[in-house]
Amino acid sequence: MQKGRRFRDPVSRREFLKGAAALGVGAGVAGLSLQEAAGAAAKEVNIGVLYPTSGSQARFGQMCVNAVKLAVEEVNAAGGIKSLGGAKINPIYADIQSDPGVTRNQAERLMATGNLTAATGSYVSTYTLVATEVAERYKIPYVTGSIANKLTERGFKFTFQVSPKANMFGEMQMEFAGTLAGRGKRAAVVFEDTDYGTSTSKGVIDGAKKVGFEVVMAEPYTAKFTDATPLVNKIKASKPDLFFPVSYITDALLIIRTMKQLNVNAGIIAGGAGYLIPDFYKDLGKDAEYVFSVGSWNYDVNCAEVPKIAEAYEKRYGEFLMEHAGEAYVMIWVLADAIQRAASTDPLKVRDALAKTNLTKGPGSVMPGCRVEFDETGWNKRVHPVMVQWQKGQLRTVYPASDARVKPVWPVPAWDKRG
Amino acid sequence: MDLTTIFQAVITGVLMAGIYALVAIGLTLIFGVVRIVNFAQGEFVMLGMYVTWWLWKAGGIDPYLSLLITMPVLFVFGVLVQRFLFRPILSAPDMAQIFLTVGLSVVLMNAALFFFTADFRSVKTTYSEWALRVAGITLSVPRIFAFAGALVLAGLLTLFLSKTDIGKALRAVAQDREVSMLLGIDPERMYLLAVGLGAALAGAAGGLIVPFFYVFPTVGVVFVLIAFVVVILGTLGSIQGALLASLIVGVAESLGILFAGADLGLVVVFAILVATLILKPSGLMGQA
Amino acid sequence: MKAAGSPEYYLPAGILLFLIVLPFLLPNPFYVHIVVMMAVFVVLGGAWNLIGGYGGQLSLGHAAFFGTGAYVSTLLVNAYGISPWITMWLGGLAALLLSLPVGIICFRLQGPYFAIATIGLAETLRLLVLHFRDITSGAQGLTVPFRGDAPWLLQFGSKIPYYYIALIMAVGVVLITRRMERARLGHYLVAIGQNQDAAEALGINSARAKARALALSAFVTGVAGVFYAQYTYVIHPDSVFGLGLSIQIALVAIVGGVGTTMGPVLGAVIMEFFIQSTQIIFAGQYPGLELMVYGGLLVAVILWRPRGVIPWFARLYQGLVARLPAAGGARA
């Protein structure tokens, strides 16, 4: 007892409630009330734009936001939403910091306080899965270019996916690989261990058997490495004829550099993302040549409006419009079209209009297939991935035939036979 | 699995150890003297990389030559950090110190994003892609330079600490602050020197890594976790320990990727760390 | 003797009342979300404080317990349809079981060695959850299926029920802390935290005391993980096992003041306030600025009060109590 008293805190009950008082500060946050909500007169349509513009995915997120900015300006310059008396689109940006927890918070904030008509984002499927869960509860339509199958296979009413689904990428890669004359049969598959890598590579591995490939290696890897040599060394030992990597950025660059160093001459059929951004060619230069990749979009997609869009973006930002940023651009026009038809800023009406989307022309239609039409799950059933190849510093679509702008260069010269 | 593949993995692991050692030496020096576990060390390296990149981009200065500028710049930066951030909390609990450096790392990482954008930068030199091929094994030349640089810097630092008066004074402060004061050493100045040197070493690491790696705001994250494992495994404050531990970690990671799986290289490293600590709770160089 | 009308009584009672009606005062669900997150971090910081604050063991791997709770529960809910009200305890228990080997491995380690070893263990667990994706669904994460208003499945259409659950958990942790503080375990831990050798010389079994505190801490953290999974609908290895979360948990206690009952409470409120206000004020306009300011605030608050904000706040509170009139006197 003696001892007990010594340690007793004489003000502990007060301490308890004093902390409770501090919780009241939470209410104080309300004082920082959002200006966004106030400006929501009939003249503007608020669209939440959630991309990771800081943290590990910042490079991708910023390119997407750039594309959104361009699209919003174009929509507004073309007279805004005419059925709403020329109302302007007012994008409300939120940085989700490459973090699912922050994504939850920002989605919650915009949807509860932003007076949103709709929202769009968030590049990485993991973040989009979180954001669309919130959107479903707030009943705000969310248009995304993320690829996870799960996004539109949960029975959600408010998620709309303009992009091909994850499994289609691997299938497309394998279908394309099957068309390459004189190819070997040994396929090595490596993928970074996030959802993007695991879900797209699954399609590759499953597809391999159908086309008669032998999968000699299929492994996830942790992308934050300082040296790709251990990985490439292992790939080399599996003696592949074709190599299917799914990577983000530094891992993509290091893998290609190291393949050259270790003289691994398998044909490279990559899984998008890091293989399709300006930094890839900027860093690797001619070593990037002949690399194939699957993509959900490309700046030479075979639709009438694309060259003008690609040119406008390049003129403004000094680099080409990359895969996912292209989709980010398209999605703003898809939203503008739905709001126009709904003639309302009501999220429920816009959702119903989105569900009836059937765009066959204009900048809202320029996904591969040149048509955006959602099925009952909210997925753009008209879309398919394309195969591209780095040729003379340009990413060119080479497959399928309906989309191809040039012929694939095949077989690819060995590293030591290049000029 | 043929022998060449295994040899290649071992040699690659050794070269990776060079990078880990470069980052770890500065970390272990700062801890050894000032007793602060610096969670911002990776961001110090990131700053060194940006300085190197910028000197190359704007002035065409070769990364190795620019060490002569990068290291002093980072030294001054370290001195400022010690003077204005670490000194006020030297007598505070360890936890406050650690989380101060966590806050600093968040600031630096995002300042880099804010000012330099998220672009991935790289330095192109004639030797960036040089490689040696010996008996079927390939060695990247700039990585060999980085490894040699780590050895040279560790050697110079050891010499400095054991042979010069200032170095001895640093060690005296590291061992016993009160006694060193009786000997007429000003510990505050030694702390400035230690953090300055620790940052300069991070700058050197940045300069030596840039020729074969990429510069971006979150690049520090790639190095820092492994560097922590290295300094703990090799006993905090021990430069030789850090070198030895980085060799173990580099080779273990490389072989782990080969034999356990490319996503399990780090698991092997952590397993070695935990196993070592069970046997030797204060690292390889500590008392059992 | 003090009258019931003394501010020492009516102020705390008023605050409690305020907390009970708070969700109805907040203008929209987002602010309820903020206070729910505050309460979750009160629970996490408070649980961390049991071993990190009182026991002086700087754990940077508490996400391991959080993630274990979240994953065990969500896997059971999804596979067998068990109510989260039951799996909540199982998740906590799983975290507790995990804490036993962690304790055996780590409690011989001192200072930074302990801290880095706990990081290593949590990271290992994260990598293994990613690796064994047949069981855990790997990087895809787990989703709690959306059922609308289903109280038995711990799902509600409104945020207000979540708020009350989180509030009860937060109050519970504060009460547990107070109880431990007074019990023998608390005294042992404080003694160990101050000087482990001296404590052992006095006959305290430090390993056992620390293991008990860690078990309790892990259990509470695991339960909080279950709540979080239910509240946030989606969990991923990176979000519930990540180093960032471990740091955030410890930070709450350290900013508030370790080894005090109310430190983590205050810390959770301050940190959540920093996070939300930077996100609201800068609103994604300049990439990096939000986190730069957040990091700056963190550095500033630690420089200002390296031992936590609680002593400063306690003085403020005492001053307020002294200045307020008695409720009876006010009428005169």
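Since the structure is predicted, the reported quantities are computational estimates derived from the model, not experimental observations.

## Examining the overall build of chain B
Of the regular secondary structure elements, chain B holds 11 helices and two strands. For chain B, the sequential pattern of α-helices and β-strands runs α-α-α-α-β-β-α-α-α-α-α-α-α. Here chain B has a C-alpha radius of gyration of 19 Å; the compact-globule value for 288 residues is 19 Å, and the two agree. Split into buried and exposed, the 288 residues of chain B put 59% on the buried side. The long-range fraction of contacts in chain B, counting pairs at least 24 apart against all pairs at least 6 apart in sequence, stands at 76%.

## With respect to the interface of chain B and chain A
Counting from both sides, the interface comprises 31 residues of chain B and, opposite them, 28 residues of chain A. Secondary structure elements with two or more residues in the side of chain B that touches chain A: α1 (3–34), α4 (94–116), β2 (137–140), α9 (219–233), α10 (239–259) and α11 (265–279) of chain B. Residue contributions to the side of chain B that touches chain A peak at six residues, all from α1(B). Residue composition of the side of chain B that touches chain A, by class: 18 nonpolar, 11 polar and two charged.

## Side note on the pairing of strand β7 (residues 214–221) of chain A
Residues and elements named next belong to chain A. As paired strands, strand β6 (residues 186–192) and β7 are joined by seven bridges and run parallel to one another. Paired with E192 across the bridge in β7 is Y221. With helix α9 (residues 195–211) bridging β6 and its parallel neighbour β7, the resulting β-α-β unit is right-handed.

## Topic: helix α14 (residues 289–304) of chain C
For α14(C), with 16 residues, the first-to-last C-alpha span of 22 Å sits near the 22 Å given by 1.5 Å per residue. Those residues of α14(C) that fall on the buried side of the exposure criterion are L289(C), E290(C), L291(C), M292(C), Y294(C), G295(C), L297(C), L298(C), V301(C) and I302(C). Contact partners of the buried residues in α14(C): β2 (88–95) of chain A, α4 of chain B together with α12 (243–256) and α13 (263–282) of chain C.

## A closer look at the sheet that holds strand β9 (residues 267–270) of chain A
Residue and element names in this part refer to chain A. On the basis of which strands lie adjacent, the open sheet formed by seven strands has the order β7-β6-β8-β9-β10-β13-β14 and mixed pairing. The sheet terminates laterally at β7 and β14 (394–399), the two strands that pair on one side only. Shown here is a sheet whose adjacent strand axes are inclined to one another by a mean of 25°, direction ignored. Bridge count between strand β13 (residues 386–391) and β14: five bridges; the pairing is antiparallel.

## Description of the pairing of β13(A)
Residues and elements named next belong to chain A. Within β13, five of the six residues are buried, which leaves it mostly tucked inside the rest of the structure. Across four bridges, the pairing between strand β10 (residues 292–295) and β13 is antiparallel. For G295, the partnering residue across the bridge sits in β13 and is V386.

## A look at the environment of I51(C)
All names here are of chain C. Here I51 shows up in helix α2 (residues 29–54). Judged by the 28 C-beta atoms lying within 10 Å of it, I51 falls in the buried class. Beyond its immediate stretch of four places on either side in the chain, I51 contacts Q57, S59, K210, A213, L214 and S217.

## Quick notes on the environment of V293(C)
All names here are of chain C. Its location among the elements puts V293 in helix α14. What makes V293 partly exposed here is the crowd of 19 C-beta atoms within 10 Å. For the pair V293 and F274, spaced 19 residues apart in sequence, the C-alpha to C-alpha distance is 8.8 Å. Among all residues touching V293, those that are not within four sequence positions of it are T278 and F282.

## Digging into the packing of α2(C) against helix α7 (residues 160–182) of chain C
Helix-helix packing is described using two parameters, namely the angle between the two axes and the distance between the axes. Residues and elements named next belong to chain C. For the pair α2 and α7, the least separation of the axes is 9 Å and the interaxial angle reads 25°. Comparing the axis directions of α2 and α7 gives the class roughly parallel. Taken as a pair, α2 and α7 cross one another with a handedness that is left-handed. Contacts between α2 and α7 involve V32, V35, V36, A39, V40, V42, V43, G46, A47, N49 and L50 from the former and I160, Y162, Y163, A166, L167, M169, A170, V173, V174, T177 and M180 from the latter. Looking at side-chain class alone, the contact of α2 with α7 contains 19 nonpolar, three polar and no charged residues.

## Notes on the packing of helix α6 (residues 100–113) of chain A against helix α7 (residues 125–138) of chain A
All names here are of chain A. Where α6 contacts α7, the axes come no closer than 9 Å and their chain directions differ by 30°. In terms of axis orientation, α6 runs roughly parallel to α7. Taken as a pair, α6 and α7 cross one another with a handedness that is right-handed. Residues P100, T103, R104, A107, E108, M111 and A112 of α6 form the contact with α7, whose participating residues are T126, Y127, V130, A131, V134, A135 and Y138. Within the contact of α6 with α7, the residues separate by chemical class into 10 nonpolar, two polar and two charged.

## Side note on the confidence of the model for chain C
Residue and element names in this part refer to chain C. Of the residues in chain C, 97% have a pLDDT of 70 or more, and the chain-wide mean is 91. Per-element mean pLDDT across chain C ranges from 52 in helix α16 (residues 327–331) up to 96 in helix α3 (residues 63–80). The ipTM, which scores confidence in the relative placement of chains, is 0.92 for this predicted complex, and the corresponding pTM is 0.91.

## Some points on the sheet that holds strand β1 (residues 44–51) of chain A
Residues and elements named next belong to chain A. Ordered by their spatial adjacency, five strands build an open sheet running β2-β1-β3-β4-β5, and the pairing between neighbours is parallel. Of all strands in the sheet, those with a lone pairing partner are β2 and β5 (159–161), marking the two edges. Each neighbouring strand pair of the sheet contributes to a mean axis angle of 25°, computed without reference to strand direction. Strands β1, β2 and β3 (118–121) of the sheet are contacted by α6, whose axis makes an angle of about 175° with β1.

## A short note on the confidence of the model for chain B
For chain B, mean pLDDT is 93; residues scoring 70 or higher make up 100% of the total. Mean pLDDT across the elements of chain B bottoms out in helix α7 (residues 177–182) of chain B (87) and peaks in helix α3 (residues 67–86) of chain B (97).

## Some thoughts on unusual backbone geometry
In this structure, the amide linkage connecting G121(A) to the following residue, S122(A), adopts the cis form with an omega of 0°. Residue P400(A) is reached from Y399(A) by a cis peptide bond, and omega for that bond is -5°. Following the sequence through the fold, P400(A) ends up in the segment after β14. In this structure, K139(A) takes a positive phi of about 55° despite not being glycine. Summarising the element assignment, K139(A) is placed in the loop between α7 and β4 (142–144). By C-beta crowding, K139(A) is classed as exposed, having 12 other C-beta atoms within 10 Å. With phi around 65°, R35(B) is a residue other than glycine that occupies positive phi space. Counting through the fold element by element, R35(B) comes out in the loop between α1 and α2 (41–59).

Each value, and the rule that gives it
Residues numbered from 1 in each chain as written. Chains lettered and ligands numbered in written order. Predicted model: local features only at pLDDT ≥ 70, side-chain atom pairs only at ≥ 80, totals over all residues. Helix = DSSP H or I, 4+ residues; strand = E, 2+ residues; numbered from the N terminus. Rg over C-alpha atoms; globule rule 2.2 N^0.38 Å. Buried ≥ 20, exposed ≤ 12 C-beta atoms within 10 Å, placed from the backbone. Contact = placed C-beta atoms within 7 Å. Nonpolar A, V, L, I, M, F, W, Y, C, P; charged D, E, K, R; others polar. Pairing = 2+ DSSP bridges. Right-handed = clockwise from strand over helix to strand, strands pointing away. Expected span 1.5 Å × (residues − 1). Axes fitted to C-alpha atoms, helices over the stretch in contact; angles between N-to-C directions. Parallel < 35°, antiparallel > 145°, perpendicular 65-115°, else oblique. Left-handed = near helix turned anticlockwise from the far one by under 90°. pLDDT = per-residue confidence, 0-100.

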